Amino acid sequence: MPVSTEKMVKVFGRPASLTEARFTYCPGCHHGILTRIIAQTIDELGIVERTVGIAPVGCAVFAYLWYRCDAIQASHGRASAVATGVKRANPNLIVFAYQGDGDFASIGTAESIHAANRGENITVIFVNNQVYGMTGGEMAPTSLVGQKTTTTPDGRDPALFGYPIRFSEMIAQLDAPVYVTRQALYDTKRIMDATKAIKKAFTNQLEGKGYSLVEVLATCPTNWRMKPTEANKHVAEVVTKVFPLGDLIDRG
Amino acid sequence: MTKRWMEVFMAKGLLIIDKERCKGCGLCIAACPHQVLAFSGELNRSGYNVVHAERPEACVGCAFCALTCPDVAIEVYRARVPA
Ligand SMILES: Cc1ncc(C[n+]2csc(CCOP(=O)(O)OP(=O)(O)O)c2C)c(N)n1
Ligand code: SF4
Ligand code: SF4
Ligand code: SF4
């Protein structure tokens, strides 16, 4: 039976900045929630015509297909450097880099840190799911101590592989960044908080304030070998103990 | 009569779920504060067990389910509260 919405108000629909393409992410993967939040932010700020997204290498490699704005797919780890180039060439554009932890905090370490240190007027979304998702769940620099991955089948041993790196804390030590925050998406409240943080990170750029970084603790149910609901619980109860939520700096 | 009026006009929600986008992850079921949603047992073209509103009358239109859906498969409408 077709439903009638005639006498009703739409309170939630697909953001206009999203294309009709279906996401290639696994069921329950937080990359999808984050993509929707970014599209909604672009809608609310009315900037779709002048936004450029920089897609990473990783599960979000197709990010350029999801948005109605322009986009570039950067080589692995270099999204913050590509974002720098686009923004400097045309400061009127609103540029965001979207990068996984393998991309941003491993192979792209140098580019990530130096874009932050130069205080580039860009917005960086750093998706920390503690694994290399796309390539099959290998250890990432952010993997937790004891975490079983395909390259640490007995669990990450710090004596051999070091400790999980708190990259946002490192960036928060620098003088130039304006806003560095860590958010999560494991329940409705966190989704609302993360939405506010992302809007602020884009607004900072619109106001010419400088570099903003939003780290988002995300799930990878497939490689964590958990149901999506269990993965949410894992973030809430375990991951946030190692990566505490909240603003690290806010000089806006 | 009053009861019927209440049923129709209490800030009631209505969902439109895009079955072909749903991947049956179950996150919306867990996010709903009113236990509206459940797996339908119906498979979509991709083979996912899609979600449906099992208790539509309990939906308040808060959109928590839609905020949570990683595949942006849910649209939410709310009845206009009469003046
Ligand atoms: C130069 C280069 N080195 C290695 C790879 C292989 N590779 C593809 S994705 C990836 C890791 C991605 O992990 P992450 O950034 O955490 O993103 P996720 O897939 O978890 O979202 C690697 C190492 C590549 N594509 N290019
Ligand atoms: S492998 Fe992990 S990060 Fe990649 S789409 Fe699947 S759940 Fe998401
Ligand atoms: S709108 Fe709210 S009450 Fe209705 S199904 Fe979604 S979460 Fe449940
Ligand atoms: S959250 Fe979305 S994809 Fe997951 S079961 Fe619900 S409607 Fe389907």
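Remember, predicted model here, so these are calculated numbers, not experimental data.

Rules used throughout
- Residues numbered from 1 in each chain as written.
- Chains lettered and ligands numbered in written order.
- Predicted model: local features only at pLDDT ≥ 70, side-chain atom pairs only at ≥ 80, totals over all residues.
- Heavy atoms only, no water.
- Contact = heavy atoms within 4.5 Å.
- Buried area = accessible area lost by both parts, 1.4 Å probe.
- Salt bridge = Lys/Arg side-chain N within 4 Å of Asp/Glu carboxyl O.
- Polar contact = N/O pair within 3.5 Å; in protein donor to acceptor, adjacent residues only side chain to side chain.
- Helix = DSSP H or I, 4+ residues; strand = E, 2+ residues; numbered from the N terminus.
- Nonpolar A, V, L, I, M, F, W, Y, C, P; charged D, E, K, R; others polar.
- Phe/Tyr/Trp six-rings, centres within 6.5 Å; stacked < 30°, edge-to-face > 60°.
- Buried < 20%, exposed > 50% of the residue type's maximum accessible area, 1.4 Å probe, protein only.
- Near = heavy atom within 4 Å.

Here we look at the interface of chain B and chain A
And step 1. Taken residue by residue, the interface counts 31 residues in chain B and 33 residues in chain A.
And step 2. Roughly 2,700 Å² of surface becomes buried between chain B and chain A when both sides are summed, with 64% attributable to carbon and sulfur atoms.
And step 3. On the chain B side of the contact with chain A, Arg21, Leu67 and Val72 of chain B bury the most area, a combined 25% of that side's loss.
And step 4. Here chain B is connected to chain A by 2 salt bridges.
And step 5. The residue Arg21 of chain B makes a salt bridge to Glu20 of chain A at a minimum N-O spacing of 3.0 Å.
And step 6. Our count for the chain B to chain A interface comes out at 8 residue pairs in polar contact (both at pLDDT 80 or more).
And step 7. At the level of secondary structure, the elements contributing two or more residues to the side of chain B that touches chain A comprise strand S1 (13-17), helix H2 (27-31), helix H3 (64-68) and strand S4 (74-79) of chain B.
And step 8. Counting residues per element, the side of chain B that touches chain A draws most heavily on S4 of chain B, at 6 residues.
And step 9. For the side of chain B that touches chain A, the per-class residue count stands at 18 nonpolar, 5 polar and 8 charged.

Examining the packing of aromatic side chains
Residues and elements named next belong to chain A.
And step 1. With the rule as written, the count across this model stands at 9 aromatic pairs over all chains.
And step 2. Taking the centre distance of 5.6 Å and the plane angle of 80° together, the rings of Tyr67 and Phe96 count as edge-to-face. Pair noted here: Tyr67 is in the loop between strand S2 (51-55) and strand S3 (70-73) and Phe96 is in strand S4 (residues 94-100), with a separation of 29 residues, a long-range link.
And step 3. Given the relative accessible area of 6%, Tyr67 is considered buried.
And step 4. With a centroid separation of 6.4 Å and 70° between ring planes, the pair formed by Phe126 and Phe167 is classed as edge-to-face. Taken together, the residues Phe126 in strand S5 (residues 123-128) and Phe167 in helix H6 (residues 167-172) connect sequence positions 41 residues apart.

Focus on the pattern of salt bridges
And step 1. Counting across every chain of the model gives 17 salt bridges over all chains.
And step 2. In this structure, Glu215 of chain A and Arg182 of chain A form a salt bridge, with 3.0 Å as the shortest nitrogen-oxygen distance. Residue Glu215 of chain A is found in strand S9 (residues 212-217), and its partner Arg182 of chain A is found in strand S8 (residues 179-184); the two are separated by 33 residues along the sequence.
And step 3. Given the relative accessible area of 0%, Arg182 of chain A is considered buried.
And step 4. The network of salt bridges with shared partners includes Glu20 of chain A together with Asp18 and Arg21 of chain B.

Notes on the site of ligand 4
And step 1. Every residue lining ligand 4 is accounted for by Cys22, Lys23, Gly24, Cys25, Gly26, Cys28, Val51, Cys69, Pro70 and Ile74 of chain B.
And step 2. Class assignment of the residues belonging to the shell around ligand 4 gives a composition of 7 nonpolar, 2 polar and 1 charged.

Digging into the site of ligand 3
And step 1. Taken together, Leu15, Cys32, Pro33, His34, Val36, Cys59, Val60, Gly61, Cys62, Ala63, Phe64 and Cys65 of chain B make up the full set of residues near ligand 3.
And step 2. Looking at the shell around ligand 3, its residues break down into 10 nonpolar, 2 polar and no charged.

A few points about the side chain of His234 of chain A
Residues and elements named next belong to chain A.
And step 1. Relative to the helices and strands, His234 resides in helix H9 (residues 228-242).
And step 2. The class of His234 is buried, set by a relative accessible area of 18%.
And step 3. Residues in contact with His234, not counting those within four places in the same chain, are Leu144, Trp224, Met226 and Val239.

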